[in-house]
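# A structural walkthrough
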Amino acid sequence: MDNIEALNVRKSIRGYKPDMVPKEVLMEVLKVAGRSPSATNTQPWHITVVSGEMLDRIKHRNMELLASGAAPHPDIPYKSYTGVYRRRQIELAIQLFQLMGIERGDSDRRAEWNTRGYRFFDAPAAIIISSDRSMEESISQLDIGIITQSICLAALGYGLGTCISGQGVMFPEVLREFVGIPESRRISISIAIGYPDWDFPANKLESKRELVENITTWVGFN
Ligand SMILES: Cc1cc2nc3c(=O)[nH]c(=O)nc-3n(C[C@H](O)[C@H](O)[C@H](O)COP(=O)(O)O)c2cc1C
């Protein structure tokens, strides 16, 4: 698979086969993704890979917190989207609910769907990316964005699917407790990783993109 094809076929996988991913394969993915560029080659990322019983415990605790009504409080704060960004967010939700057969008014199934990201979409492994708080936040988050995409693209080469999940890091204290990420590191993002279950309806999603013409300003061209 060349890089153009990889960029075209990568998509978020929200349903996985239960098969474990061998540690050696994950190691290869991380080795090649580690070739990602970063500002002055600082490589600010720390990667935690979690699987098996510890992943189950994290999922279980996240579910308990959600059920208790605890407010998500990620280390990297999110704010509500407005305007065109909100429209795109809603379009995505509509597409996903249609594929999953979730009716607009079915609040139970909508809420259940919402928990999937907190369960890393039941993938057999999850990757958590954190970075030292001594690093300037905005530039190191750019670097982390780059390696995040690199992991997703590298994974394709091993028949793996991924879903980047902000939901997976909404309760950072859970990750600190179960995988030992110290308070001195900001937890940025998680990536669910495993072998895609192509029968899972949401995996059929083709998410939309704005036309290049609408997002690009050309200067100095005819
Ligand atoms: C920073 C970031 C956080 C994300 N968090 C979630 C998430 O919490 N839950 C989820 O289902 N998808 C999440 N996604 C996946 C996006 O929804 C997805 O990338 C987008 O809709 C485009 O679809 P595609 O990945 O299939 O091309 C996240 C993606 C990024 C880049």
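Above this note sits the structure.
Now for a look at the structure at hand. As the structure is a prediction and not an experimental result, all values here were calculated from the model.

## Some details on the packing of helix H4 (residues 83-100) against helix H5 (residues 107-118)
- It is at 12 Å that the axes of H4 and H5 come closest, and there the two elements cross at 110°. In terms of their interaxial angle, H4 and H5 are classed as roughly perpendicular. Two secondary-structure elements touch here, H4 through Leu 96, Phe 97 and Met 100 and H5 through Arg 109, Arg 110 and Trp 113.
- Its residues placed into classes, the contact of H4 with H5 shows 4 nonpolar, no polar and 2 charged.

## Quick notes on the site of the ligand
- Taken together, 14 residues surround the ligand, and among them Arg 10, Ser 12, Arg 14, Gly 166 and Arg 209 come closest.
- The side chain of Ser 12 places a nitrogen or oxygen atom 2.6 Å from an oxygen atom of the ligand.
- A distance of 3.1 Å separates an oxygen atom of the ligand from a polar side-chain atom of Ser 207.
- Relative to its free-state accessible area of 620 Å², the ligand is covered by the protein chains to the extent of 69%.
- Looking at which element gives the most residues to the shell around the ligand, the answer is strand S3 (residues 161-165), with 3 residues.
- Residue classes in the shell around the ligand are distributed as 5 nonpolar, 5 polar and 4 charged.

## Some words on the pairing of S3
- Counting buried residues in S3 gives 4 out of 5 residues, a clear majority hidden from the surface.
- Bridge count for S3 against strand S4 (residues 185-194) is 5 bridges, and the pairing is antiparallel. Considered in S4, the bridge of Cys 163 is made with Ala 192.

## Quick look at the sheet that holds strand S2 (residues 125-132)
- Overall, antiparallel pairing links the 4 strands, which are arranged S1-S2-S4-S3 in an open sheet. At either end of the open sheet lies a strand with only one pairing partner, and these are strand S1 (45-51) and S3. Averaged over all pairs of adjacent strands, the angle between strand axes in this sheet comes to 25°, irrespective of strand direction.
- Strands S1 and S2 of the sheet are contacted by helix H3 (residues 52-67), whose axis makes an angle of about 95° with S1.
- Packed on one face of the sheet, helix H7 (residues 172-179) meets S1, S2 and S4 and runs near 80° to S4.

## A short note on the pattern of salt bridges
- For the structure on display, the rule yields 15 salt bridges.
- A salt bridge links Glu 137 to Arg 186, with the nearest nitrogen and oxygen atoms 3.6 Å apart. One end of the pair, Glu 137, is in helix H6 (residues 137-156); the other, Arg 186, is in strand S4, and 49 residues separate them in sequence.

## Digging into H3
- For H3, spanning 16 residues, the distance from its first C-alpha to its last is 23 Å, which sits close to the expected 22 Å at 1.5 Å a residue.
- When we look at burial in H3, the residues that qualify are Leu 55, Ile 58, Lys 59, Asn 62 and Leu 65. Angularly, the buried residues of H3 cover 125° about the axis, an arc narrow enough to put them on a single face. Residues of H3 that are exposed and point over 90 degrees away from its buried face: Glu 53, His 60 and Ala 67.
- Contacts made by the buried residues of H3 are with S1, H5, S2 and H7.
- After H3 finishes, the residue Gly 69 shows a positive phi value of roughly 85°.

Rules behind the numbers
- Residues numbered from 1 in each chain as written.
- Predicted model: local features only at pLDDT ≥ 70, side-chain atom pairs only at ≥ 80, totals over all residues.
- Heavy atoms only, no water.
- Axes fitted to C-alpha atoms, helices over the stretch in contact; angles between N-to-C directions.
- Helix = DSSP H or I, 4+ residues; strand = E, 2+ residues; numbered from the N terminus.
- Parallel < 35°, antiparallel > 145°, perpendicular 65-115°, else oblique.
- Contact = heavy atoms within 4.5 Å.
- Nonpolar A, V, L, I, M, F, W, Y, C, P; charged D, E, K, R; others polar.
- Near = heavy atom within 4 Å.
- Polar contact = N/O pair within 3.5 Å; in protein donor to acceptor, adjacent residues only side chain to side chain.
- Areas by Shrake-Rupley, 256 points an atom, 1.4 Å probe, with all protein chains shown as cover.
- Buried < 20%, exposed > 50% of the residue type's maximum accessible area, 1.4 Å probe, protein only.
- Pairing = 2+ DSSP bridges.
- Salt bridge = Lys/Arg side-chain N within 4 Å of Asp/Glu carboxyl O.
- Expected span 1.5 Å × (residues − 1).
- Arc of directions from axis to C-beta.

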